[in-house]
Amino acid sequence: MSIENLSCNKSFNGWHKQYRHYSEQLNCTMRFAIYLPPQASRGERVPSLYWLSGRACTDENVMQQAGAQRMAALLGIAIIAPDTSPRGDMVADDNSDALGQGAGFYVNATQAPWHRHYRMYDYVLNELPTLVESMFPVTDRRSIAGHAMGGHGALVLALRNPHRYRSVSAFSPISNPVNCPWGKKAFGAYLGTDTTAWADYDASLLMQKARRFVPALVDQGETDNFLTEQLKPDTLKAAAHLSGYPLTLNRHEGFDHGYYFIASFIEQHLRFHAGYLAR
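Residues numbered from 1 in each chain as written. Predicted model: local features only at pLDDT ≥ 70, side-chain atom pairs only at ≥ 80, totals over all residues. Heavy atoms only, no water.

S.K.: I tried to follow the nonpolar core on my own but got confused; where do I start?
M.R.: Nonpolar side chains tend to gather and get buried jointly when the protein is soluble and globular. If you look at the biggest cluster of nonpolar residues, it comprises 70 residues, and the most contacted ones within it are Ile144 and Tyr190. When residues in this core are grouped by element, the largest group, 8 residues, is from helix α4 (residues 120-135). Residue contacts for Tyr190: discarding those within four places in its chain leaves Leu99, Gly100, Ala103, Gly104, Phe105, Val107, Ala109, Thr110, Gln111, Trp114 and Tyr118. (Core = buried A, V, L, I, M, F, W, Y, C linked by side-chain atoms within 4.5 Å. Buried < 20%, exposed > 50% of the residue type's maximum accessible area, 1.4 Å probe, protein only. Helix = DSSP H or I, 4+ residues; strand = E, 2+ residues; numbered from the N terminus. Contact = heavy atoms within 4.5 Å.)

In structure tokens:
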């Protein structure tokens, strides 16, 4: 595998780096970022937290706005942040920020023209970890987290692959996409009109029938503009109650959907993951 380094910045005695590589899964060139804590420079192999960002975001949002590096350095955790979709002149796109480039929804598309490139589920689950673990001093101990659309992706990946992740967390996730406007638009385009196929990418439906558990932490701001129509945390909570899923759902007065909210609670999320990654 070949990767190209795009940038390198020292941060809390660790290193934030951006890379570009060709993805066989997505049939295009992709970018990702990695934060390597100082332990990795001392010869240690460290566990990883994969961060999935939301619609219209890139790998840069979490690295520049969440303030996660200080705690990641203290805990000895690498953070890997992929882009939110395939990109390029030959990649299908849409004028809406709820579909197309920047809004891959972390699914494997089955419908034309999206199926040629939009296979973010397999990219995050298999291709990117294989690349990262072969190129950097990280172990195969992985957790996963995300925000909004990325929170949806993180929950779905962990719920469907409990053997791959030690823990999962999300900020303001799209918890029940089969029943919200964003999800219906994206799933209809990427997966087709047969709604039975949508259930594989709905965290609430997956959590309701789960039999193997990955510890889950979700934080939600109460003044989030998308709370009722798009995010539906109560549906996720009800699903966890039905299956006995180990979900901690915290709701916070006064916080909205943005990175001020994430930065306020990112330390708790990193400590949550560190407890499971250390086992």
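S.K.: Any chance you could explain the packing of aromatic side chains here in plain terms?
M.R.: For any two aromatic rings, the description comes down to two numbers: the centre-to-centre distance and the angle of the planes. With the rule as written, the count across this model stands at 18 aromatic pairs. Considering the side-chain rings of Trp114 and Tyr118, the 5.2 Å spacing of their centres and the 85° angle between planes classify their relative orientation as edge-to-face. For Trp114, a relative accessible area of 8% translates into the label buried. Ring centres 5.5 Å apart and planes at 40° place the aromatic pair Phe255 and Phe261 in the tilted group. Using a relative accessible area of 26% as the deciding quantity, one classes Phe255 as partly exposed. Exposure remark for Phe261: the relative accessible area of 0% places this residue in the buried category. (Phe/Tyr/Trp six-rings, centres within 6.5 Å; stacked < 30°, edge-to-face > 60°.)

S.K.: I'm lost on the pairing of strand β8 (residues 216-221) in this one. Help?
M.R.: Regular strands place side chains that alternate from one sheet face to the opposite one. Within β8, 6 of the 6 residues are buried, which leaves it mostly tucked inside the rest of the structure. Here β8 shows a buried face lined by Ala216, Val218 and Gln220 and a second buried face lined by Leu217, Asp219 and Gly221. Where strand β7 (residues 168-171) meets β8, 4 bridges bridge the pair, whose relative direction is parallel. Note on β8: the bridge partner recorded for Ala170 is Val218. When β8 meets strand β9 (residues 247-252), the two strands line up parallel, connected through 6 bridges. Considered in β9, the bridge of Leu217 is made with Thr248. (Pairing = 2+ DSSP bridges.)

S.K.: It is not clear to me how the environment of Cys57 should be interpreted in this structure. Could you clarify?
M.R.: When you line up the elements, Cys57 lands in the loop between β4 (46-52) and α2 (60-65). As a C-alpha pair, Cys57 and Lys237 span 180 residues in sequence and 27 Å in three-dimensional space.

S.K.: It is not clear to me how unusual backbone geometry should be interpreted in this structure. Could you clarify?
M.R.: Outside of glycine, negative phi angles account for most residues, and trans bonds account for most peptide bonds. Here the bond from Ala112 into Pro113 is cis, since omega is -5°, no more than 30 degrees from zero. Its location among the elements puts Pro113 in the loop between β5 (78-82) and α4. Here the phi dihedral of Asn13 falls at roughly 65°; this positive angle occurs in a residue that is not glycine. Note that Asn13 resides in the loop between β1 (3-11) and β2 (14-23). A positive phi is found at Tyr106, a non-glycine position, where the angle reads about 55°. Residue placement: Tyr106 occurs in the loop between β5 and α4. On the accessibility criterion, Tyr106 (1% relative accessible area) is buried.

S.K.: Just checking my understanding: could you explain the pattern of salt bridges for this structure?
M.R.: Once the charged atoms of two side chains with opposite charge are near each other, the side chains can pair. With the rule as written, the count across this model stands at 11 salt bridges. Measuring nitrogen to oxygen at the nearest pair gives 3.3 Å for the salt bridge that ties Arg70 to Glu267. One end of the pair, Arg70, is in helix α3 (residues 69-75); the other, Glu267, is in helix α10 (residues 259-277), and 197 residues separate them in sequence. We classify Arg70 as partly exposed; its relative accessible area is 42%. With relative accessibility at 31%, the residue Glu267 sits in the partly exposed group. When salt bridges with common partners are traced through the structure, they connect Arg31, Asp59 and Glu60 into a single cluster. (Salt bridge = Lys/Arg side-chain N within 4 Å of Asp/Glu carboxyl O.)

S.K.: So what exactly am I meant to see when it comes to the sheet that holds β8 here?
M.R.: Remark on secondary structure: sheet strands pair via backbone hydrogen bonds, oriented parallel or antiparallel. Spatially, 9 strands are ordered β1-β2-β3-β5-β4-β6-β7-β8-β9 in an open sheet, and the strand pairing comes out mixed. Each end of this open sheet is capped by a strand with a single partner; those strands are β1 and β9. Each neighbouring strand pair of the sheet contributes to a mean axis angle of 20°, computed without reference to strand direction. Across the face of the sheet, helix α9 (residues 233-243) comes into contact with β8 and β9 while running at roughly 155° to β9. Packed onto the sheet, α10 meets β4, β6 (138-147), β7, β8 and β9 and runs at close to 175° relative to β7. (Axes fitted to C-alpha atoms, helices over the stretch in contact; angles between N-to-C directions.)

S.K.: How do you make sense of the side chain of Ser85 when you look at a structure like this?
M.R.: Position of Ser85 among the secondary structure elements: in the loop between β5 and α4. The exposure class assigned to Ser85 is buried, which follows from its relative accessible area of 0%. Of note is the side chain of Ser85, whose polar atom sits 2.6 Å from the backbone nitrogen of Gly102. (Polar contact = N/O pair within 3.5 Å; in protein donor to acceptor, adjacent residues only side chain to side chain.)

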